[in-house]
Amino acid sequence: MHTNLEDSHHIENHPEYIGLAVNRGVERLPSLSTDSANRFLRIKRPKLTVSDYVDGILAGNVTILSQAVTLIESVLPKHQKIAQEIILRCLPYAGKSIRVGITGVPGAGKSTFIEALGLYVINKKSKIAVLAIDPSSILSKGSILGDKTRMEQLSSETNAYIRPSPSAGSLGGVTRKTRETIILCEAAGYETIFIETVGVGQSETAVKSMVDFFLLLLIPGAGDELQGIKRGIMEMADAIVINKADGQNIQKAELAKSQFRNAIHLFPPTKSGWIPRVETCSSIFSSRIPLIWDMIIEYINHTKNNGFFDENRKEQSRYWMYETIDENLKRSFYQNPRLTDIIKEYETMAKNDKMSSFEAAQKLLDIYFNKNY
């Protein structure tokens with residue numbers, strides 16, 4: 001064994017250590033100086049104008065679309081102002097998608113179902129967007145935002161856009177922000193938009209008011225489904241789909257299908273003239289997924305032909321106008337500088353029974369509206 005420069009640095013390279021060879025390491029690079037680091041941190045992304053956002057969205061630029069959605073979700077007034085300008089400019093290009101709301105009991109496999117259905121739709125040469133509302137913690141206000149992990153295959157598709165958004169403690173996790181995001185996604189060319197809710201609860205009314213087709217996803221059980229689902233949610237559904245109908249669950253799924261079909265016949269007729277359907281599927285094996293999509297398209301054609309589709313969207317616009325008024329009034333009230341200190345004082349008085357809750361509320365409202373003060 002010959003000796004080389006490495007011998008002087010590593011004793012393992014000495015001839016007596018047969019079979020060993022240690023190469024010399026690379027020279028250590030100089031560390032980034034404080035000045036260089038500060039210069040790097042000061043580098044900012046170029047600030048986009050409203051026109052830049054709109055042009056990027058219309059061109060289908062996913063990065064710019066995501067940045068615009070972030071502005072919509074922001075609570076900062078300056079961001080909201082820009083967001084509203086972007087939405088206004090995008091409105092003429094919106095409204096051409098099929099909006100599908102999907103809800104269901106926890107564990108029903110909503111994300112897996114959306115992924116299977118989404119992949120099928122993409123294979124039909126269509127672009128889809130998934131707006132998944134993630135539940136925020138009431139205590140920490142934190143959110144998991146794990147839908148891109150659960151929809152791993154779908155999220156890798158070029159023609160799919162998945163946007164998990166924290167519910168931020170709002171009623172059911174669905175607010176005006178989701179509806180505004182729909183407008184941007186439609187302007188960006190997404191032809192089908194899925195809205196996944198947190199689960200069966202109070203959010204369904206809000207979801208129903210922003211979609212064309214409302215689907216309730218359930219799982220087969222031992223005949224207890226009817227007791228576990230609120231009648232109001234079932235009455236809102238345009239279709240009930242029993243998921244996980246595979247293997248040993250097939251018979252249970254068929255039993256549940258029969259029970260729900262019988263229950264639906266007891267409900268009053270729908271305004272759309274559509275008779276809600278009950279179907280089964282297996283998201284994991286993509287079984288009967290094409291049938292589910294064909295049913296959605298049949299519903300869309302049915303409601304467009306009888307005029308309900310357009311009337312429903314007009315009613316939804318009216319609904320969200322009043323919802324926005326309510327939301328802005330509430331925000332304006334709590335952010336009013338005249339109330340910042342006194343609201344805590346009145347709260348303490350109400351808790352200590354020195355003033356009734358109703359009197360405290362009325363006095364605060366009087367201050368807000370500048371009455372007798």
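Everything below is about the structure shown above.
To start, this report covers the structure provided alongside it. Quick caveat, the model's predicted, so the values are computed rather than measured.

### Observations concerning the pairing of strand β5 (residues 213–218)
Part 1: In terms of burial, β5 is largely enclosed, as six of its six residues are buried.
Part 2: Where burial is concerned, the two faces of β5 agree: the one with Phe213, Leu215 and Leu217 and the one with Phe214, Leu216 and Leu218 are both buried.
Part 3: Two strands pair when backbone bridges link them, and strand β1 (residues 98–104) and β5 are joined in this way by five bridges, in the parallel orientation. Paired with Val100 across the two strands is Phe213, which belongs to β5.

### Some thoughts on unusual backbone geometry
Part 1: Of note, Lys125 is a non-glycine position whose phi angle comes to about 65°, a positive value.
Part 2: Mapped onto the secondary structure, Lys125 falls in the loop between α5 (110–123) and β2 (128–134).
Part 3: Lys125 sits in the exposed class, given a relative accessible area of 75%.
Part 4: If you check the backbone angles, Arg288 has positive phi at about 65° while not being a glycine.
Part 5: Within the secondary structure layout, Arg288 lies in the loop between β7 (277–280) and α13 (289–305).
Part 6: Among the residues examined, Arg288 registers a relative accessible area of 33% and is labelled partly exposed.

### Digging into helix α4 (residues 77–90)
Part 1: With 14 residues, α4 ought to run about 20 Å at 1.5 Å a step, and its terminal C-alpha atoms sit 20 Å apart, in line with that.
Part 2: Looking only at α4, the buried set comprises Gln80, Ala83, Ile86, Ile87 and Cys90. Looking straight down α4, one finds its buried side chains confined to an arc of 125°; they lie on one side. Opposite its buried face, α4 presents the exposed residues Pro77, Lys78, Lys81 and Leu88, each directed more than 90 degrees away.
Part 3: Where α4 is buried, its residues meet α2 (50–58), α3 (62–73) and α8 (176–187).

### Focus: the nonpolar core
Part 1: Formed by 84 residues in total, the largest nonpolar core has its most connected members in Ile57, Ile86, Phe113, Leu184 and Ile240.
Part 2: The residues touching Ile57, leaving out its near neighbours within four places in the chain, are Ile64, Leu65, Ala68, Ile86, Cys90, Leu184, Ala187 and Ala188.
Part 3: Judged by nonpolar contacts, the second largest core, of eight residues, contains Tyr346, Met355, Ala360 and Leu364.

Cut-offs applied
Residues numbered from 1 in each chain as written. Predicted model: local features only at pLDDT ≥ 70, side-chain atom pairs only at ≥ 80, totals over all residues. Heavy atoms only, no water. Buried < 20%, exposed > 50% of the residue type's maximum accessible area, 1.4 Å probe, protein only. Helix = DSSP H or I, 4+ residues; strand = E, 2+ residues; numbered from the N terminus. Pairing = 2+ DSSP bridges. Expected span 1.5 Å × (residues − 1). Arc of directions from axis to C-beta. Contact = heavy atoms within 4.5 Å. Core = buried A, V, L, I, M, F, W, Y, C linked by side-chain atoms within 4.5 Å.

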